[in-house]
Each structure stands twice: as C-alpha cells, then as structure tokens.
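Structural overview for review
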Amino acid sequence: MLFQAEFYGAEELEEQLQISMEELEEKNEGKRSYIEQKLREICRRQEDIDALVNEKATGWKTNRMAKVDLALIRLAVYEIKYEDEIPTGVAINEAVELAKIYSSDGAPAFINGVLAKLAQ
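Residues numbered from 1 in each chain as written. Predicted model: local features only at pLDDT ≥ 70, side-chain atom pairs only at ≥ 80, totals over all residues. Heavy atoms only, no water.

Some points on the overall build of the protein
As a reminder of what qualifies: Helix and strand labels come from DSSP, where a helix needs a run of H or I of at least four residues and a strand needs a run of E of at least two; each type is numbered from the N terminus. When we talk radius of gyration, it's over C-alpha atoms, and the globule rule is simply 2.2 Å times the number of residues to the 0.38. Exposed residues in this analysis have more than 50% of their type's maximum accessible area, buried residues have under 20%, and partly exposed residues fall in between, with area computed by a 1.4 Å probe over protein chains only. Whether two residues are in contact is decided by their heavy atoms: any pair within 4.5 Å suffices. Accessible surface is estimated by sampling points in the Shrake-Rupley manner with a 1.4 Å probe; for residues, cover comes only from the protein chains shown. His is not counted, nor are the chain ends; Lys and Arg add positive charge and Asp and Glu add negative charge. Where a charge sits is defined by one atom per residue type, namely NZ (Lys), CZ (Arg), CG (Asp) or CD (Glu).
Summing up its helical and strand segments, the protein has seven helices and zero strands in all. Taken over the C-alpha trace, the protein has a radius of gyration of 14 Å; the compact-globule value for 120 residues is 14 Å, and the two agree within 12%. Projected onto its principal axes, the C-alpha coordinates of the protein cover approximately 40 × 30 × 25 Å. Taken over 120 residues, the protein has a buried fraction of 35%. Restricting the contact set of the protein to residue pairs at least 6 apart, pairs at least 24 apart contribute 60%. Summing over all exposed atoms, the protein offers an accessible surface of approximately 7400 Å²; the carbon and sulfur share of this is 49%. For the protein, the separation between the mean place of its 15 positive charges and that of its 24 negative charges on side chains is 6 Å.

Considering the nonpolar core
The condition is simple: Buried residues of nine kinds, namely Ala, Val, Leu, Ile, Met, Phe, Trp, Tyr and Cys, make up a nonpolar core once their side-chain atoms join them within 4.5 Å.
Formed by 30 residues in total, the largest nonpolar core has its most connected members in Val53, Ile73, Val77, Ile111 and Leu115. Where this core is concerned, the elements lending two or more residues are α1 (2-5), α2 (10-22), α3 (29-44), α4 (46-56), α5 (67-82), α6 (88-102) and α7 (107-119). Looking at this core element by element, the count peaks at eight residues for α5. What isoleucine 111 contacts, discounting residues up to four positions off in sequence, is Asp69, Leu72, Ile73, Ala95 and Ala99.

Quick look at the pattern of salt bridges
For clarity, the threshold we go by: Salt bridge, as used here, is a side-chain nitrogen of Lys or Arg placed within 4 Å of a carboxyl oxygen of Asp or Glu.
Applying the stated criterion to the full structure yields seven salt bridges. Arginine 45 serves as the salt-bridge partner of glutamate 41, at 3.3 Å between the closest nitrogen and oxygen. Since its relative accessible area comes to 18%, glutamate 41 is described here as buried. When its relative accessible area of 21% is taken as the criterion, arginine 45 is described as partly exposed. Aspartate 50 is the partner of arginine 74 in a salt bridge, and the nearest nitrogen-oxygen pair spans 2.8 Å. Of the two residues, arginine 74 sits in helix α5 while aspartate 50 sits in helix α4, which places them 24 residues apart along the sequence. On the accessibility criterion, arginine 74 (4% relative accessible area) is buried. In the salt-bridge network here, residues are joined through shared partners; they are Glu41, Arg44 and Arg45.

Brief notes about the confidence of the model for the protein
Our working rule: Across the chain, each position has a pLDDT score giving the predictor's confidence in that residue, from 0 to 100.
For the protein, the average pLDDT comes to 88, and 93% of its residues sit at 70 or higher. Here α2 is the element of the protein with the lowest mean pLDDT, 73, and α6 is the one with the highest, 97.

Written out as structure tokens, the structure is:
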C-alpha cells in the first residue's frame, strides 16, 4: 500500500486505503488496524523521511528513485527513526530482503547502502 500511495495524491489516499483494506478478511482486523496506522504514520512523516533519505543517498534524490525502492526505504526509515521496538538491523535486513523479491538486481545493495548511512 505504501508503494501504491506513491501513485495517488493525498486526497485520494483515504479511498485507496479503503479499497486495499477490503482485501483483508474481517478476521484479520488486528492486522488491518496495524497496517492502516503504519501507513498513515509513514505518509504523515513522508516529508521528514524523504529529507533524511535525500541527505544520505549520495547522487540520488527520492524523486529519481525507483518507486519500489523508495517505498522500501521509506518503510525502513520510519521503522529506524520512529519505531523503538524494531531494531535497526532488522529494519534494514527486511528492506533488503523485500528488495530481492520485488525490485531489480542492484536494488538490495543500493537500499542497504542508503539505510546503512542513515543508521550511522
């Protein structure tokens, strides 16, 4: 959903969130609430997150990054900076592993480099 949000304006986020949430079964209400809350928090802090990323991503700005990579980086940065219960190494590793599945061959190394600089 974070990736999907990149294609819609803030005014459309609510509708897109509802469409995505309908796909989760009612028995997963806890997951739905968790996902919805995290997405809202990341979107609310997106400007700050992007500023941090732009500062650390040498030669790259968020507006030039692949949208999948950017979604993974934003999620990891949010977890590193705003989620105390998620260890930094876990956030970075999860982003890298997801990049191996959903992005290009060079993405895991790129994402790892940006996040490692940010974690210092």
